[in-house]
Every structure is written in C-alpha cells, then in structure tokens.
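# Structural overview
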Amino acid sequence: MSSKRIFFIRAADRPGVLFRITSVFRRRNFNIESVTVGNTNVPGESKIVILIDVDEEGADAFARLVKRIIDVYEVVEAPQESCTLKELTLIRMEGSEAGLEEICKKYGAKLTVNGGVYIEHCGDPQNSDALINELSKYKIKDISRTGITALVKENGKNILRFGY
Amino acid sequence: MHTSNMQTDSYMSGARAIVRALENEGVDVIFGIPGGATLPLYDELKDGKIRHILARHEQSASHMADGYARASGRVGVCSATSGPGATNLLTGVATAYMDSSPIVAITGQVAKPFIGKDAFQEIDTVGVYMPVVKYAIQPLTPKEIPESIKMAFFISSTGRQGPVLVDVPKDVQTGSDEMDFSSNVKLKGYETSFKPDPSRAREAAKLILQAQRPIILVGGGAIKANAGSMVVELAEILMAPIASTLMGKGAVPETHFLSVGPIGMHGTYHANRLITESDLVIGIGARFSDRTTMDTGEFEREKMIIGLDIDPTEAKKNLKNELAVTGDVKESLAMILQFVKSMMPYSENSPWIRRVKELKDQFDGKVFGEKAVSPLIIKEVRGQLADHDIVTTEVGQTQAWAELFYKALKPRTFITSGGLGTMGFGFPAAIGAKVAKFGSNVVDLAGDGSFQMTSNSLATSVKEGIPVIVIIFNNSTLGMIAQWQRMVYGNRIVASWLGESPDFSYLAKAYGAEGVKVNGAEDFGRAFKEALSNEITTVIDVPIPPEENVFPFVPSGKSLREMIV
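Computed from a predicted model, the values in this text were never measured in an experiment.

## Quick word on the overall build of chain A
Across its full length, chain A carries four helices and 10 strands. Ordered by position from the N terminus, the helices and strands of chain A form the series β-α-β-β-α-β-β-α-β-β-α-β-β-β. On the principal axes, the C-alpha backbone points of chain A span a range of 55 × 35 × 30 Å. Here chain A holds 164 residues, and the buried ones make up 43% of them. Nonlocal contacts in chain A, meaning residues at least 24 apart in sequence, comprise 75% of its contacts between residues at least 6 apart.

Following this line, the structure appears as structure tokens:
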C-alpha cells in the first residue's frame with residue numbers, strides 16, 4: 001500500500017553522501033517530496049530526513065540500497081503519523097502589510113516590516129499550505145520553503161530500523 | 001639549524017605516495033593505459049617495483065584486474081586517465097561491482113583549478129562511478145593519498161567485496177608533502193564481519209532437519225568465503241543435492257556425487273527439476289538473482305528458503321519465505337553444521353536421494369538438441385585441462401554452454417561475468433587470471449561476437465608474454481540474440497548476423513599470436529592439445545552451426561518448471 005513515509009538517515013558529514021542517497025531515488029524512480037539535511041549533536045555526522053510517497057516494497061528496496069552506502073550509519077523508516085513534522089516557510093509580500101496581521105495571527109506566523117513585508121511560518125506543512133493559500137488573495141512576491149524535517153514520536157508505531 | 005627545508009624520506013610527491021602505498025598493499029601488478037592526467041603517476045612507476053601491463057583499451061584493463069582478482073582472491077588494480085580513460089574503464093568496474101569482485105581503479109583527474117571548467121578530458125569521474133562502485137575517493141591534497149589508497153584496499157577487500165575508485169587530480173599527484181603511511185583505516189558505520197546470530201543458525205538447523213527434500217544452492221559468496229569443504233560436509237550429512245548459481249560454479253567439485261550443476265535460465269535439467277521439487281533451499285552465498293530463480297513466486301512455492309550471506313542488505317531481498325542468516329558464510333555454516341551434527345543424519349536411501357540419483361543418472365551431461373557442437377568442444381576442453389586450470393567465458397550462448405557442460409572442479413577456476421553479463425569480459429579476464437596464476441593454463445571460451453569487443457587484448461597478451469588460449473565458438477552471429485529471435489520473436493532475425501568476417505586466425509597472426517581454424521570436434525581436440533603444449537597465445541576458431549540453440553532454456557518471466565528442451 002502506497003503511503004507517505006519518512007526516512008531518517010544518519011550518515012557521515014562528507015561530500016557526495018547526499019548525492020549517493022538521492023541517486024537511489026532516481027534509480028527506482030521514486031519522487032522525493034521533501035529532503036532536509038542538517039548536522040546533529042554528534043560531530044562529523046549529519047541527519048537526512050526524506051519524505052516520500054512509496055509502497056512497502058519500494059520502501060524496503062530503498063532502505064536496502066541506502067544502507068549499502070558505506071557512509072550511511074543507520075536508516076530508520078517511520079510512517080508519517082508516527083512523527084512530529086515541521087516546516088519553515090518564508091514569504092515576501094508585495095505592497096503594505098494591511099490585512100495580513102490577522103491572517104498571520106490565525107496561523108501563528110510572524111509578520112515583519114523591515115524595508116519590505118516578510119512573513120515567517122514554522123509548523124505543520126499543511127498549515128503552511130493553508131497560510132499560503134489565504135495569502136494568495138494578496139500579492140506574494142517570493143516564497144521559500146525548507147521542506148519538512150521531523151522527529152519520531154516517543155510512542156511512534158511501526159518504526160523500522162535498518163541498523164544492523 | 002633549521003630543518004624545515006630538509007627533505008626527509010617521508011617527503012614526496014603525491015604520485016610517488018600512490019606507488020609507495022600500492023607497494024605497501026603488496027600490489028605486484030597494475031593493468032592500465034597512461035594518459036595526460038596520469039603522467040606523474042606513470043613517471044613514478046618507472047622507478048617502482050610494480051609491473052605495469054599495458055592494455056589497448058581501458059575496458060580491457062579493468063577486466064584484466066577483475067580476472068586477476070577472481071583467480072587469486074587478491075585485490076586487482078587498474079588505472080586510466082581522466083575523461084575518456086575513465087569512461088572506458090567504467091564497464092569493467094561495473095562488471096566487478098555486479099559480481100562483488102575486489103578491484104581498485106585509479107584514475108587521473110584534471111588539476112583542481114580546472115575541475116568544473118569543462119577542461120580537456122574532464123568528466124565528473126566520481127559522479128559517473130558512484131552507482132557502480134562500493135566506494136569512491138578523491139584525495140584533494142597529496143597528504144591524503146596514503147590513507148585514500150589504504151582505505152580503498154580495505155573497503156574493496158572486506159565484507160562484501162567490490163570495486164573502489166580513487167580519482168586523483170593531476171596537481172595532487174605533482175604536489176609534495178610529508179606523508180604518513182602508518183595510519184589505520186577506521187570507518188564509522190562500516191562493519192566488515194558480522195557474527196552470525198546463533199539463534200538464527202539454530203532456527204536454520206531446525207528447518208534443515210524438518211525438511212524432507214532439502215537442496216543446497218551455492219553461489220559466488222561460497223567461493224569467496226572458501227566454504228566448499230563445509231558445504232560438502234553438510235550435503236553428505238543430509239544426503240542433499242548441491243546445485244549452484246552461475247557464480248557458484250567450482251565452489252564444490254561438480255563431479256561430486258551429490259553435485260547437480262547450476263540452476264537458472266540455463267541450468268541443468270535435473271538441477272532445475274530438483275530445486276522445483278525440493279521443500280527447502282539452503283542458499284550459501286547466493287543472492288537469488290532473477291537469472292537464478294526466474295519467477296520468484298513459483299521458485300519459493302511450497303518451500304522454505306535459508307539464505308546465508310555476508311551482506312545484511314541481501315536478507316529477504318528477493319524471496320519472502322527466506323530465513324536469512326547474516327554473517328561470514330563459513331562461520332554461519334559452521335554453526336549450522338554443529339547443530340545439525342548433534343541430530344540424526346539422514347538415511348542414505350531416502351526417497352529424495354533416490355529421486356536425485358534417478359534424475360542425475362538420466363540427465364547429467366545430456367545434450368538437448370541433436371546438432372549441438374558446442375557441448376562436445378567444452379567437454380573436450382574439460383578433458384584436456386587439469387583441475388587447477390582456469391576457464392573464463394564471454395557472454396551469450398557460449399557462456400550458457402559453458403555453464404551447462406564445463407564441470408568446474410576447484411574454486412576460482414570458472415570465471416564469468418554473471419551479474420552484468422559483459423561481452424568482451426572473458427579474454428582480458430583470462431589475461432588477468434594468467435598473470436595471477438602463471439602456472440595454470442587459462443582458456444577463454446568465446447563467441448565471435450564477444451571476442452570482437454576486446455580482441456585488442458591480443459596485443460597485450462603477445463607483447464607482455466602472457467599466453468592464453470581463446471576458443472572462438474564461431475557461428476557468425478550474436479548467438480543468444482539470434483536464439484531469442486528464433487524462439488521468442490517469431491523467427492524475425494534482426495541485426496544478429498555478423499557474417500564470416502574477420503578471419504580470426506589471420507587476426508591472431510597479425511598480432512603475433514598463433515591462429516588456427518579447425519573443422520569439427522575431433523580436429524579441435526588436436527589443435528587444443530597443441531595450443532596447450534605451446535607457450536604462445538593461440539586463437540582457435542571453431543565453426544559452429546548458426547542455428548544451434550542452447551537448451552535447457554527458461555524464457556524470462558517463466559518459472560524453472562517451464563524449461564524448454
């Protein structure tokens with residue numbers, strides 16, 4: 001059954017690692033919905049969080065091929081509902097801030113006027129979508145989204161660890 | 001007195017450090033072709049102890065290194081320049097990757113300031129190689145070279161073996177620094193030896209003892225683990241037949257009374273039947289590839305599978321009913337043997353072993369198809385070669401004939417491109433194998449199509465004094481393609497007819513090798529005997545009827561029970 005799954009990959013913080021991992025997606029023709037990379041508290045180690053819509057068999061094949069990469073230490077797979085998801089969205093608006101304050105308040109977004117009108121939202125990606133949708137009534141000049149990053153919930157279910 | 005300008009023994013160029021590091025690894029030979037971006041390296045080879053064997057095309061160089069590795073078990077080394085050198089070398093590296101063969105490929109790269117500028121002979125070698133190497137390293141300072149080379153050999157030769165690329169920019173070769181060759185490679189997250197889980201081994205032993213009709217399937221991993229004698233021990237306790245994959249040929253002597261030969265698309269009739277009728281498959285260093293299992297659902301229907309493999313990512317990869325025992329194959333086997341031995345051995349007269357004998361007596365060595373000449377040639381080759389002599393194969397019908405009729409008696413004596421199926425592999429691989437095992441005869445079983453892909457290696461073989469024998473099963477066609485066109489594509493022959501050109505005996509002579517054309521099997525026997533007694537590279541051209549088909553044959557998508565004979 002196809003569903004959204006999140007992969008958490010601990011890997012060496014070395015050039016080429018992300019390339020090798022994303023090559024696996026290309027090889028199997030998986031479409032990555034989102035990928036984020038960042039350092040962790042462990043020196044020399046980075047964590048890659050990938051959101052992907054894939055069936056069980058595809059997920060298994062992906063995890064195997066990724067685990068085979070020598071610079072990859074661990075691959076954990078979790079269904080979306082077992083994770084806490086967050087995404088950062090930055091928006092630059094055209095014109096004045098009139099009318100924007102109320103929308104931002106509704107979504108817990110931060111409105112800044114500093115030589116331009118900026119909106120910053122951090123939260124559930126679906127809320128970001130909704131926020132952008134409402135802002136579309138006004139003029140959006142530019143927009144950047146980080147893609148989701150996530151953590152497995154303390155009581156998350158169906159967590160698969162390809163650690164060996 | 002200042003010492004900063006004093007040149008110590010450990011102060012040297014990156015190029016010299018490459019040679020020194022290779023010598024430290026015990027490398028005695030490199031197969032390659034020099035180019036602009038490897039000139040500094042080659043300049044250092046002039047004074048070093050390592051023999052360089054000059055190929056005529058980089059693809060041949062990488063196959064030679066691969067053949068060397070497969071025949072000896074040691075890491076094979078090949079080298080090419082940047083750009084086209086690296087892309088030519090790639091096919092052989094990918095071939096090694098698919099068959100888990102340990103080679104180290106050293107490529108030159110344009111100097112760092114030119115990287116990414118579309119410089120002359122520049123390609124992103126690391127980017128191109130990534131999907132077909134176990135690891136790729138690009139040292140960016142001379143100082144990184146000793147560790148890079150050490151790491152390359154370590155990764156290539158440990159765990160599930162495979163090729164490693166070291167891509168060295170020209171200025172990293174020419175630049176000098178203090179070099180430290182003493183560091184130990186430590187790679188986080190890279191485990192080389194998995195201790196098999198005893199509870200898994202016990203579970204496997206239980207399955208084995210419950211089985212009524214067990215069959216052993218040995219793969220290339222059994223050869224790499226040197227597990228042959230343990231496999232035989234297990235088989236004799238269980239009185240279970242031993243089948244193999246294409247890569248597993250030679251893991252146990254194929255003349256053993258329990259050996260039934262390879263299964264798969266071109267497996268023997270009795271092996272394919274027996275594995276279909278079995279209720280337990282004990283896979284030993286076999287990855288259950290599509291060519292081996294054919295239709296997987298049918299393959300594992302009504303049976304259990306045990307899979308012993310060193311690579312944890314192989315566990316349950318292709319089969320659902322698999323109990324995977326991950327770890328060094330020999331250690332896993334030892335554990336399982338211990339459990340099995342403590343229980344009752346099988347009766348020597350079980351219905352299963354009677355069935356094995358019945359099928360084997362009927363079909364061992366049987367040639368399906370009346371006109372087939374190739375099996376006779378292969379049997380003649382086997383008859384004249386010693387146990388330790390080596391055959392390599394090209395890819396296509398000849399490979400399938402060799403799989404069926406050449407009985408490998410020792411590990412590392414049957415060398416073939418199983419995973420990638422690379423035409424042109426056999427001849428250069430034979431040269432590499434001959435370098436590794438100079439005391440053995442090495443024979444390439446070739447088709448005329450495959451041979452033409454790397455026949456440039458004739459020059460290497462002659463000029464470097466590495467005599468091998470090439471037997472060309474010459475049907476003037478791309479034989480396997482023609483067979484499929486006849487059998488699967490309604491006899492519509494397209495682009496598979498090569499014609500009667502060139503004359504291979506003349507081609508051989510043009511290179512300074514011996515070239516012989518024979519008529520039929522008997523004539524071949526004499527020519528082959530003579531070739532074996534001469535210390536000269538010999539090409540024997542054997543005419544084969546173009547309409548010859550290899551049977552048994554399981555078309556893709558079908559199951560092993562649906563053999564065409």
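## Some details on the packing of aromatic side chains
Within this structure, the stated rule accounts for 15 aromatic pairs over all chains. When the centroid spacing of 4.5 Å and the interplanar angle of 70° are considered together, the rings of A:Phe7 and A:Phe62 count as edge-to-face. Residue A:Phe7 is located in strand β1 (residues 3–12), and its partner A:Phe62 is located in helix α2 (residues 56–67); the two are separated by 55 residues in the primary sequence. A residue is classified by how much of its surface remains accessible, and A:Phe7, at 0% relative accessible area, is buried. Each residue in the set A:Phe7, A:Phe25, A:Phe30 and A:Phe62 is aromatic and connected to the rest through ring pairs, giving one cluster. The ring of B:Phe414 has B:Lys249 sitting right over it, with the charged end atom 5.1 Å from the ring centre.

## Description of the pairing of β1(A)
Residues and elements named next belong to chain A. Across the 10 residues that make up β1, a large majority, seven, are buried. The sheet contact formed by β1 and strand β3 (residues 45–54) spans 10 bridges and is antiparallel. Looking at the pairing, Arg5 lines up with Ile52 of β3. Here β1 runs beside strand β4 (residues 72–79); their pairing, made up of seven bridges, is antiparallel.

## Some words on the pairing of strand β14 (residues 322–326) of chain B
Note on strand geometry: in a regular strand, side chains alternate between the two faces of the sheet. All names here are of chain B. In terms of burial, β14 is a largely internal element, four of the five residues being buried. Examined bridge by bridge, strand β13 (residues 304–309) and β14 share five bridges and lie parallel to one another. Bridge pairing in β14 places Ile305 opposite Glu322.

## As for the interface of chain B and chain A
Residue-level contacts link 22 residues of chain B with 14 residues of chain A. Interface area, chain B with chain A, both sides summed: about 1600 Å², of which 52% is carbon and sulfur. Interface area lost by chain B to chain A is led by B:Met130, B:Lys188 and B:Thr313, which between them contribute 38%. Among the salt bridges present, the one from B:Lys188 reaches A:Glu45, with a minimum N-O distance of 2.6 Å. At the junction of chain B with chain A, the criterion picks out 11 residue pairs in polar contact (both at pLDDT 80 or more). Across the side of chain B that touches chain A, the residue classes tally to 11 nonpolar, three polar and eight charged.

## Topic: the pattern of salt bridges
Tallied over the full model, the rule gives 31 salt bridges over all chains. With a closest N to O distance of 3.3 Å, B:Asp503 and B:Lys517 form a salt bridge. With a gap of 14 residues between them, B:Asp503 in the loop between α21 (479–487) and α22 (504–510) and B:Lys517 in strand β19 (residues 514–517) connect regions that are remote in the sequence. A cluster of three or more residues bridged by salt bridges with shared partners is formed by A:Arg10, A:Glu45, A:Glu74, A:Arg161 and B:Lys188.

## Details of a nonpolar patch on the surface
Residues and elements named next belong to chain A. Among the surface-exposed residues, Leu18, Val35 and Val37 lie close enough to one another that they form a single nonpolar patch of about 210 Å² accessible area. Among the structural elements, Val37 can be located in strand β2 (residues 32–39). In this structure Val37 comes out as partly exposed when scored by relative accessible area, which is 48%.

## Describing the sheet that holds β1(A)
Neighbouring strands of a sheet are bound in pairs by backbone hydrogen bonds; such pairs are parallel or else antiparallel. Residues and elements named next belong to chain A. The five strands lie next to each other as β2-β3-β1-β4-β10, forming an open sheet whose pairing is antiparallel. Two strands lie at the open edges of the sheet, namely β2 and β10 (160–162), each paired on one side alone. Neighbouring strand axes in the sheet, compared pairwise and without regard to direction, differ in orientation by 15° on average. Strands β1, β2, β3 and β4 of the sheet are contacted by helix α1 (residues 17–28), whose axis makes an angle of about 15° with β3.

## A short note on helix α3 (residues 58–72) of chain B
Counted at 1.5 Å a residue, the expected span for α3(B) with its 15 residues is 21 Å, and the 21 Å between its end C-alpha atoms agrees. With 15 of 15 residues buried, α3(B) lies mostly within the body of the structure.

## As for the sheet that holds strand β16 (residues 414–415) of chain B
All names here are of chain B. One open sheet holds the six strands; their spatial order is β16-β15-β17-β18-β20-β19, and the pairing between them is parallel. Single-partner strands in this sheet number two, and they are β16 and β19. Judged from the six bridges that link them, strand β18 (residues 469–474) and strand β20 (residues 538–543) form a sheet pairing that is parallel. Residue pairing for β20: Ile469 is matched across the bridge by Thr538. Each of β15 (390–393), β16, β17 (442–447) and β18 touches helix α17 (residues 397–405); the most contacted strand, β17, lies at about 130° to it. Each of β15, β16, β17 and β18 is contacted by helix α18 (residues 426–436), which is oriented at about 175° to β17, the strand it contacts most.

## Observations regarding α17(B)
With nine of nine residues buried, α17(B) lies mostly within the body of the structure. For α17(B), the set of buried residues is B:Gln397, B:Thr398, B:Gln399, B:Ala400, B:Trp401, B:Ala402, B:Glu403, B:Leu404 and B:Phe405.

## Remarks on the environment of B:Val443
Residue and element names in this part refer to chain B. In this fold, Val443 is placed in strand β17. Overall, the relative accessible area of 0% leaves Val443 in the buried class. Residues Val443 and Leu532 lie 89 residues apart in sequence; the distance between their C-alpha atoms is 9.5 Å. With residues near it in sequence (within four places) discarded, Val443 still touches Leu385, Ile390, Val391, Thr392, Ile469, Ile471 and Phe528.

## A closer look at the packing of helix α1 (residues 14–24) of chain B against helix α6 (residues 145–157) of chain B
All names here are of chain B. Orientation of α1 relative to α6, taken along the N-to-C sense of each, is 35°, at an axis distance of 9 Å. Crossing of α1 over α6 shows right-handed handedness. Between α1, through Gly14, Ala17, Ile18, Ala21 and Leu22, and α6, the contact on the second element is made entirely by Ile145, Pro146, Ile149 and Phe153. When grouped by side-chain class, the residues that make up the contact of α1 with α6 number eight nonpolar, one polar and no charged.

## What about the domain arrangement of chain A?
With domains assigned, chain A is organised as domain 1 (3–83 + 155–162) and domain 2 (86–148). When each unit is reduced to the centre of its C-alpha atoms, the spacing between domain 1 of chain A and domain 2 of chain A is 29 Å.

Cut-offs used in this document
- Residues numbered from 1 in each chain as written.
- Chains lettered and ligands numbered in written order.
- Predicted model: local features only at pLDDT ≥ 70, side-chain atom pairs only at ≥ 80, totals over all residues.
- Heavy atoms only, no water.
- Helix = DSSP H or I, 4+ residues; strand = E, 2+ residues; numbered from the N terminus.
- Buried < 20%, exposed > 50% of the residue type's maximum accessible area, 1.4 Å probe, protein only.
- Contact = heavy atoms within 4.5 Å.
- Phe/Tyr/Trp six-rings, centres within 6.5 Å; stacked < 30°, edge-to-face > 60°.
- Lys NZ or Arg CZ within 6 Å of the ring centre and 35° of its normal.
- Pairing = 2+ DSSP bridges.
- Buried area = accessible area lost by both parts, 1.4 Å probe.
- Salt bridge = Lys/Arg side-chain N within 4 Å of Asp/Glu carboxyl O.
- Polar contact = N/O pair within 3.5 Å; in protein donor to acceptor, adjacent residues only side chain to side chain.
- Nonpolar A, V, L, I, M, F, W, Y, C, P; charged D, E, K, R; others polar.
- Patch = residues over 30% accessible without salt bridge, like charges linked within 9 Å, V, L, I, M, F, W, Y side chains within 5 Å.
- Areas by Shrake-Rupley, 256 points an atom, 1.4 Å probe, with all protein chains shown as cover.
- Axes fitted to C-alpha atoms, helices over the stretch in contact; angles between N-to-C directions.
- Expected span 1.5 Å × (residues − 1).
- Left-handed = near helix turned anticlockwise from the far one by under 90°.
- Domains from an automatic or database assignment.

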